[in-house]
Amino acid sequence: MKRIATRLIALLASVPLLVAWWPFGKLDWPTILTKVRTEFPQVRQMSTAELAALAPTSVVLIDTRTAEEFAVSHLRGALRADTVEAVQALLISTKPGERVVLYCSVGYRSAKLADALRQAGQSNVWNLEGSIFAWTNEGRVVVRGGVEVREVHPYNNRWGTLLEKKYWPAGGWRAV
């Protein structure tokens, strides 16, 4: 009995480590941002404030989310592509040195694609830190069909906890 109790105590003592380990643990902005920076240290990060301060024509915005997520809303002027090949095809007509900013829901998928693009030789790629969730939570504009909307696809119920509920589509994310 003592041996079982000792094992149970050891297991319970390890829980904070498990809770802190993402993706199965704590889901909050500091954890997510640290995870993205740690896993993709070579990817340059651009803050939402930095992007908002740039002239819209000075960057190429690439939304790396699914077509379903993009259809709910996206950043004004964004193009959708979720593979290295699709992004490279979009960039054929860009000016040399033009910044390419990728985003997704929170910045993980876009950082992963930005890293793959960097490894494929694309030198001017940035990841939008916090991505569309942070952008929208700050009250910045998203569009659908060129019209401003207040809805963002929350990806799923778990990841959607990082998006303020007032920005969820009416009826929840499955309804769109």
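Parameters and conventions
- Residues numbered from 1 in each chain as written.
- Predicted model: local features only at pLDDT ≥ 70, side-chain atom pairs only at ≥ 80, totals over all residues.
- Heavy atoms only, no water.
- Helix = DSSP H or I, 4+ residues; strand = E, 2+ residues; numbered from the N terminus.
- Buried < 20%, exposed > 50% of the residue type's maximum accessible area, 1.4 Å probe, protein only.
- Contact = heavy atoms within 4.5 Å.
- Areas by Shrake-Rupley, 256 points an atom, 1.4 Å probe, with all protein chains shown as cover.
- Pairing = 2+ DSSP bridges.
- Arc of directions from axis to C-beta.
- Polar contact = N/O pair within 3.5 Å; in protein donor to acceptor, adjacent residues only side chain to side chain.
- Right-handed = clockwise from strand over helix to strand, strands pointing away.

Visitor: I'd like a description of the overall build of the chain, backed by residues and values.
Guide: Per the secondary structure count, the chain includes seven helices and seven strands. Taken over 176 residues, the chain has a buried fraction of 44%. Sequence separation of 24 or more characterises 66% of the internal contacts of the chain that already satisfy a separation of 6 or more. As displayed, the chain has an accessible area near 9700 Å², and 61% of this comes from carbon and sulfur atoms.

Visitor: Can you explain the pairing of strand β2 (residues 59-63)? Please cite residues and give values.
Guide: In terms of burial, β2 is a largely internal element, five of the five residues being buried. Here β2 shows no split at all, with V59, L61 and D63 on one side and V60 and I62 on the other all buried. Two elements, β2 and strand β4 (residues 99-103), share five bridges in a ladder whose sense is parallel. Each bridged residue has a counterpart across the sheet, and for D63 the counterpart in β4 is Y103. Pairing of β2 with strand β3 (residues 79-80) involves two bridges; the strand directions are parallel.

Visitor: An account of the side chain of Q45 is needed here, citing residue identities and associated values.
Guide: You can see Q45 is positioned in strand β1 (residues 44-46). Residues contacting Q45, with those up to four places away along its chain left out, are V36, E50, W126, N127 and E129.

Visitor: Got a sec to walk through helix α5 (residues 84-91)? Specific residues and values, please.
Guide: Along α5, the positions that sit buried rather than exposed are V84, V87 and L91. The buried residues of α5 occupy one face: seen down the axis, they fall within an arc of 70°. Those residues of α5 that are buried lie in contact with β2, β4 and α6 (108-119).

Visitor: An account of unusual backbone geometry is needed here, citing residue identities and associated values.
Guide: Its identity is not glycine, yet S131 carries a phi of approximately 50°, on the positive side. When you line up the elements, S131 lands in helix α7 (residues 131-137). One non-glycine residue with positive phi stands out, namely Y155, at about 70°. Take Y155: it is sitting in the segment after β7 (147-149). When its relative accessible area of 35% is taken as the criterion, Y155 is described as partly exposed.

Visitor: Outline the side chain of D28, listing residues and values.
Guide: Along the chain, the position of D28 falls in the loop between α1 (2-20) and α2 (29-39). Under the relative-accessibility criterion, D28 is labelled buried at 18%. Of note is the side chain of D28, whose polar atom sits 2.5 Å from the side chain of T31.

Visitor: Describe the pairing of β4, naming the residues involved and giving the relevant values.
Guide: When you tally the buried positions in β4, you get four out of five residues, the bulk of the element. The pairing of β4 with strand β5 (residues 125-128) spans three bridges and is classified as parallel. Among the inter-strand pairings, V100 is bridged to a residue of β5, identified as V125. Traced from β4 through α6 to β5, the parallel crossover comes out right-handed.

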